[in-house]
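# Per-entry structural report
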Amino acid sequence: MMSDVLTSAKKVRALILVTNLVYIASLLLKMAISNPAYFFENAFQTTNLFFYAYMLLSWLLIRNDKLYFLSSFLLILDLPVDLKPQVQTFLTAQLHIGSPWLVYGVLIVLLALLVFIVFRYKAMAYLQVFLLFFYGVSLLVIVFQTKTIRSTALHIDTPIANISKNYYFLLFDEYPNEKVMRQYKLCEKADYPSSFLPKQGFTGDRDSWSNYLSTSRSTVNFLTGSLQATYNVNNAIDALDSNVFTHGVDYSFIAFSVLDQRNRPNSLFARYYFYNFNNLLTVKIIPWCISQITRRGVGDYTDCDAYNADALARLDECSASARPHAAYIHFFTPHAYPLVRGEPISQRIRNANEWMLEAIRVINRNDPNAGIIIFSDHGLRELFIPLRQRNLNLLYYRNAAIDTDLVNKNGLVALEKSIKF
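Here's a quick rundown of the structure. Along each chain, residue indices are assigned from 1 in the same order as the chain's sequence is written. At least 70 in pLDDT is required for a residue's local features to be given in this predicted model, at least 80 for side-chain atom pairs to be given and counted, and no such filter applies to totals for whole chains, interfaces and linings, which use all residues. Based on all heavy atoms of the structure, the side-chain values leave hydrogens and waters out of the count.

## Here's the deal with the pairing of strand β3 (residues 252-256)
To sort residues, take the accessible area from a 1.4 Å probe on protein chains only and compare it with the maximum for the residue type: under 20% means buried, over 50% means exposed, and anything in between is partly exposed. A run of H or I in DSSP becomes a helix once it reaches four residues, and a run of E becomes a strand once it reaches two; helices and strands are each numbered from the N terminus. Counting buried residues along β3, four of its five residues qualify, which places the element largely inside the surrounding structure. One ladder, built from five bridges, connects β3 with strand β4 (residues 325-331); its direction is parallel. Bridge pairing in β4 places F256 opposite I329. One bridge is not enough; two strands pair if DSSP finds at least two bridges between them.

Written out as structure tokens, the structure reads:
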């Protein structure tokens, strides 16, 4: 009797649809609980809208129950994506095999086994009951275990009321300290900052370090000049609008960052900082399709060279302005972002250097007497680099008086304090 009930076509399709809805509801609930301030931005980004549409259209248009089951399991639910790191960890930790091709081979075998079971045996309904139970339990776990991130009051150090010239803070994300470059032979000597920045009139400090290894924490540190009681991404977003530079009497503050209101929504960065759907559709397929139409601004496959080009354009615009200003321009390098995925660290560093030199050329053309500080929020966070060296960061400056002893003693949080504006 139970078997007859489960194998009823309408009931199986209903189970699949309900499971998909439970999964979507659980993630939306997690988004809402974890960070209510950015729920709508996160839940209704373009990638997710296409995902919701696919979920409904697949229910309406895929009439074969077995294909509908497989499309639901492989594309809508997150188990296949979550399985990959588990297989990889098992092969690496237990069998000491690190080949990514073997990981994909195992996943293909498991997929083939699933397809065989679905089409050869009458097991689909029982598998779907298990999935519904699994995601039902996951929903309960989310309700009782999800922690909430909320904005907290920022402690801002003494505001910088006046500046004697324009200042440009050019941040190159995850750019390593030259000591680390040399020790681990990350790139050719010609790509060391000391090989080309002094020729542009810059002075370097090789003992600079960041108080934290995360972009969001380092952003708060630098912009507020203060160590905070709590740190979260909301604080970093707020710091772009409220910091030591935003109370200037005779100058304005300009920020261009991966965390700002223009660049964060509908981008790769939102997935770094907020909970979201983690399935093949939202992680791979839909973003890739969108990326074939637009370079950036929609979908999770943000083209970071396009982002950096916009950062350069913003720098060009503000450096040509006659109004006194301090500008904070955040270049997204040398992370293994999509455009350079699979390329070596040396190429990512070379890519960062090209943007660095382009930024200097822009300022040389528009505002040659301005103070320029080139730095990074933290160092390279590769596993082969010891933890204590991953916060060694980049610091070069021109037309600026910096107390590097203060920075070397207290870290990046002391950078703005160390400058005689």
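Further notes follow.
## Let's talk about the pattern of salt bridges
Between Lys or Arg on one side and Asp or Glu on the other, a salt bridge is scored when a side-chain nitrogen of the former is within 4 Å of a carboxyl oxygen of the latter. Inspection of the entire model under this criterion finds 12 salt bridges. Here E178 and R182 are joined by a salt bridge, their closest N and O atoms 2.9 Å apart. You can see E178 and its partner R182 sitting in helix α9 (residues 178-183), four residues apart, about one turn around the helix. With its nearest N and O atoms 3.4 Å apart, the salt bridge here joins R206 to E178. Pair noted here: R206 is in the loop between β2 (203-204) and α11 (215-224) and E178 is in helix α9, with a separation of 28 residues, a long-range link.

## Focus on the environment of F51
For F51, the position within the fold is in helix α4 (residues 46-61). In this structure F51 comes out as buried when scored by relative accessible area, which is 0%. For the pair F51 and D377, spaced 326 residues apart in sequence, the C-alpha to C-alpha distance is 34 Å. Throughout, a contact is declared for two residues whenever any of their heavy atoms are within 4.5 Å. For F51, the residues in contact, after removing those within four places along its chain, are Y23, I24, I76, F277, N279, L281, T282 and I286.

Purely geometric stuff here, so don't read any function into it on its own.
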